[in-house]
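Each chain is listed here by its residues.
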Amino acid sequence: FPAGLLVALRQRVPNPDHPNTDREVSMPSLSYCNISVLNLDRAVQFYDQLLGSIGWSPIMNFGERGRIYGDGASMFGVLTPYDGNAAVAGNGSMFGIRFETVEAMTAFHNKAMELGASNEGDPDERMPGSHLSYFRDPEGNKVCAFCLG
């Protein structure tokens with residue numbers, strides 16, 4: 001990542017409530033995403049276990065259409081296409097899940113491998129302070145697990 005990115009994600013600004021102090025603010029973040037799947041049973045089995053390993057659970061079930069998982073702050077949908085057309089993994093699409101520690105990021109990546117994901121990049125420090133890993137779920141959707149700083 002460019003050096004300025006980490007600064008932009010977490011910066012300190014003056015605190016109007018307390019003169020001569022500042023506060024940390026974060027940029028807006030992604031709150032939900034949906035992936036489209038062909039084999040819903042396989043995808044739900046994969047994501048029930050993978051997202052369950054980080055404390056996310058199903059928060060909305062849509063029967064034969066799929067389900068949405070959440071942690072109280074973010075949501076991740078595993079759904080069949082609403083328009084009824086065939087699902088395809090997004091060409092160039094990727095979703096990232098941020099972790100506070102490299103150990104948690106690595107455990108998540110390893111859990112994905114254990115559940116049948118295909119490895120697209122082992123957990124590694126790609127740039128100073130930027131640890132990332134990549135995998136594809138059984139439907140071919142690309143996911144990045146990362147830890148910054």
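Everything here concerns the structure above.
Residues numbered from 1 in each chain as written. Predicted model: local features only at pLDDT ≥ 70, side-chain atom pairs only at ≥ 80, totals over all residues. Heavy atoms only, no water.

Participant: With reference to specific residues and values, describe the packing of helix H2 (residues 40-52) against helix H3 (residues 102-114).
Facilitator: Between H2 and H3, the least distance of the axes is 9 Å, while the angle of their chain directions is 160 degrees. Between H2 and H3, the crossing angle belongs to the class labelled roughly antiparallel. You can see that H2 and H3 cross each other, and the crossing is right-handed. When H2 is examined against H3, the residues Phe46, Gln49, Leu50 and Leu51 are found in contact with a partner set consisting of Phe108, Lys111 and Ala112. (Axes fitted to C-alpha atoms, helices over the stretch in contact; angles between N-to-C directions. Helix = DSSP H or I, 4+ residues; strand = E, 2+ residues; numbered from the N terminus. Parallel < 35°, antiparallel > 145°, perpendicular 65-115°, else oblique. Left-handed = near helix turned anticlockwise from the far one by under 90°. Contact = heavy atoms within 4.5 Å.)

Participant: Before we move on, could you go through the sheet that holds strand E10 (residues 142-148) and cite the residues and values that matter?
Facilitator: Strand order in the open sheet formed by four strands is E7-E10-E9-E8, with mixed pairing between adjacent strands. Looking along the sheet, the strands with just one partner apiece sit at the ends: strand E7 (95-98) and strand E8 (118-127). Direction aside, the axes of adjacent strands within the sheet are offset by 20 degrees on average. Taken together, the six bridges between E8 and strand E9 (residues 130-136) define a ladder with antiparallel strand orientation. (Pairing = 2+ DSSP bridges.)

Participant: Describe the environment of Tyr134, and please don't skip the residues or the numbers.
Facilitator: If you trace the backbone, Tyr134 turns up in strand E9. Expressed as a C-alpha distance, the spacing of Tyr134 and Asp124, which sit ten residues apart in the sequence, is 9.9 Å. Aside from chain neighbours lying at most four places away, what touches Tyr134 is Met94, His109, Asn119, Glu120, Gly121, Arg126, Lys142, Val143 and Cys144.

Participant: So, the pairing of E10: which residues are in play, and what are the values?
Facilitator: Burial of E10 is extensive: six of the seven residues sit out of reach of the surface. As judged from the four bridges shared by E7 and E10, these two strands associate in the parallel manner. Considered in E10, the bridge of Gly96 is made with Cys144. Of the pairings in the sheet, the one linking E9 to E10 comprises seven bridges and is antiparallel in character. (Buried < 20%, exposed > 50% of the residue type's maximum accessible area, 1.4 Å probe, protein only.)

Participant: A description of the sheet that holds strand E6 (residues 75-79) should follow, citing residues and the corresponding values.
Facilitator: If you trace the four strands from one edge of the open sheet to the other, you get E3-E6-E5-E4, paired in mixed fashion. In the strand order of this sheet, the two ends are held by strand E3 (32-36) and strand E4 (57-61), each with one partner. Going across the sheet, the axis of each strand differs from the next one's by a mean of 25 degrees, ignoring polarity. With four bridges connecting them, E4 and strand E5 (residues 66-70) associate as antiparallel partners. The partner of Met60 across the bridge, within E5, is Ile68.

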